[in-house]
Amino acid sequence: KGSNNPFNKTKLVDLSPSPELSYIIGVYFGDASLYYRKKTGAYYFRIKVVDKDFAEAVKDSLAKIGLKPTISYVEEKTRSNRWHVEASSKSLYKFLSQDKEELFKIAEKYPEDFLRGFFDSEGSVFIDSRNPRICKIILGNYDLKLLEFSKDLLDKLDIHSTIYILKKKGTESNIRGEIYYYKDDFYALSIHRKEAVKNFAVKIGFSIKRKQDKLQKFLESLGKY
């Protein structure tokens, strides 16, 4: 399996198209990072997240493609404590370093898994405090092409969404007491029509329980779940 993939150099790592690999690609476009340790000559995929269930979902997907990921809880003074998931693989490192159009080909085969990984990483659920019958699922990213690709996948799943500029380049932002400025236009993909929110919850959903529960409560209040 996967023998036609030029990046699949070892039988232990399966980089042929699969739901798990598509999920990993979605996470990679969101919270994950790749890095190389010069001292050991090792290549790593890593993610640092607040939610344990998200960390477990990433760990399980990495394990299913043949890697041996580690998971640990790290206390940090300057920000929220986070779960770290890490896996060593030169094959995965090189695979994810391809042009994103190549990765999109796998995402198109397993769109629900890709979108779940991307929304687990970058998505949030907002319920209007003044009108609890209004709910938005918002995903933010600098990469407009990536959001347009995600929107196309959502459209094919009958999930309506819109894209707009959330923060213009140069906008000031205060993050934990430090002042930053947006380096480029920052975009948002929004799912807000009630039927679209329902379809997202049913067809894609979040691996993160607190986010999925928030969606479910909203839909139950409308009698749509």
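The structure under discussion appears in the preceding block.
Let us look at the structure shown here. Please read all numbers here as calculations on a predicted model, not as lab measurements.

**A closer look at the sheet that holds strand β10 (residues 186-191)**
Spatial ordering of the open sheet is given by β5-β6-β10-β7, a layout of four strands whose pairing is antiparallel. Edge positions in the sheet fall to β5 (123-127) and β7 (162-167), since each has one partner strand and no second. Averaged over all pairs of adjacent strands, the angle between their axes in this sheet comes to 35 degrees, without regard to strand direction. Pairing geometry for β5 and strand β6 (residues 135-141), over five bridges, is antiparallel.

**Notes on the nonpolar core**
The biggest cluster of nonpolar side chains holds 58 residues, and the ones touching the most others in it are Leu92, Phe114, Phe119, Ile191 and Phe200. With residues near it in sequence (within four places) discarded, phenylalanine 114 still touches Ser22, Tyr23, Ile25, Gly26, Phe29, Ala107, Leu146, Phe149, Ser150 and Leu153.

**Examining the pattern of salt bridges**
Two side chains with opposite charge may pair up if their charged atoms get near one another. Scanning the model with the defined rule gives 11 salt bridges in all. In this structure, glutamate 102 engages lysine 105 in a salt bridge whose closest nitrogen and oxygen atoms are separated by 3.2 Å. Note that glutamate 102 and lysine 105 are positioned in helix α4 (residues 100-109) at a spacing of three residues, about one turn of the helix. Judged by its relative accessible area of 35%, glutamate 102 is partly exposed. On the basis of relative accessibility, which here comes to 46%, the residue lysine 105 falls in the partly exposed class. For aspartate 155, the salt bridge identified is with lysine 151, shortest N-O distance 3.4 Å. On the criterion of helical spacing, the pair formed by aspartate 155 and lysine 151 is a turn pair, its members being four residues apart in helix α6 (residues 144-156).

**A few points about the packing of aromatic side chains**
Applying the stated criterion across every chain yields a total of 15 aromatic pairs. Geometrically, the ring pair formed by tyrosine 28 and phenylalanine 29 is tilted, given 5.6 Å between the ring centres and 45 degrees between the ring planes. Tyrosine 28 sits in the partly exposed class, given a relative accessible area of 21%. Here phenylalanine 104 and phenylalanine 149 contribute two aromatic rings whose centre-to-centre distance is 3.8 Å and whose plane-to-plane angle is 5 degrees, an arrangement assigned as stacked.

**Topic: the environment of aspartate 60**
Its location among the elements puts aspartate 60 in helix α2 (residues 52-64). In this structure, the C-alpha to C-alpha distance between aspartate 60 and leucine 15, residues 45 residues apart in sequence, is 15 Å.

**Observations regarding the sheet that holds strand β1 (residues 33-37)**
Taken in spatial order, the four strands line up as β1-β2-β4-β3 in an open sheet, and their pairing is antiparallel. With partners counted over all chains shown, the strands left at the sheet margins are β1 and β3 (70-74), one partner each. Going from strand to strand, the sheet's axes swing by 30 degrees on average, the running direction of each strand aside. With respect to the sheet, α2 is in contact with β2 (42-49), β3 and β4 (82-88), its orientation differing from that of β4 by roughly 10 degrees.

Rules of the game
- Numbering of residues begins from 1 in every chain and follows the order in which that chain's sequence is written.
- A pLDDT threshold of at least 70 governs which residues receive local features in this predicted model, and a stricter bar of 80 or more applies before side-chain atom pairs are shown or counted, although totals over entire chains, interfaces and linings include all residues.
- Excluded from the side-chain calculations are hydrogens and water; all other atoms, namely the structure's heavy atoms, are used.
- A pair of strands is treated as paired once DSSP finds two or more bridges between them.
- The secondary structure listing takes helices from DSSP runs of H or I that are at least 4 residues long and strands from runs of E that are at least 2 residues long, numbered from the N terminus.
- An axis is simply a line fitted to the C-alpha atoms; with a helix, the fit covers only the stretch in contact. Between two such axes, the angle follows the N-to-C directions and lies from 0 to 180 degrees.
- By nonpolar core we mean a set of buried residues, namely Ala, Val, Leu, Ile, Met, Phe, Trp, Tyr and Cys, connected to one another through side-chain atoms within 4.5 Å.
- Exposure classes here rest on a 1.4 Å probe applied to the protein chains alone. A residue is buried below 20% of its type maximum, exposed above 50%, and partly exposed in between.
- Contacts: residue pairs with any heavy atoms within 4.5 Å of one another.
- Take a side-chain nitrogen of Lys or Arg and a carboxyl oxygen of Asp or Glu: if they are within 4 Å of each other, that pair is a salt bridge.
- Two aromatic rings from Phe, Tyr or Trp, using only the six-membered ring of Trp, form a pair when their centres are within 6.5 Å; if the ring planes differ by under 30 degrees the pair is stacked, by over 60 it is edge-to-face, and anything between is tilted.

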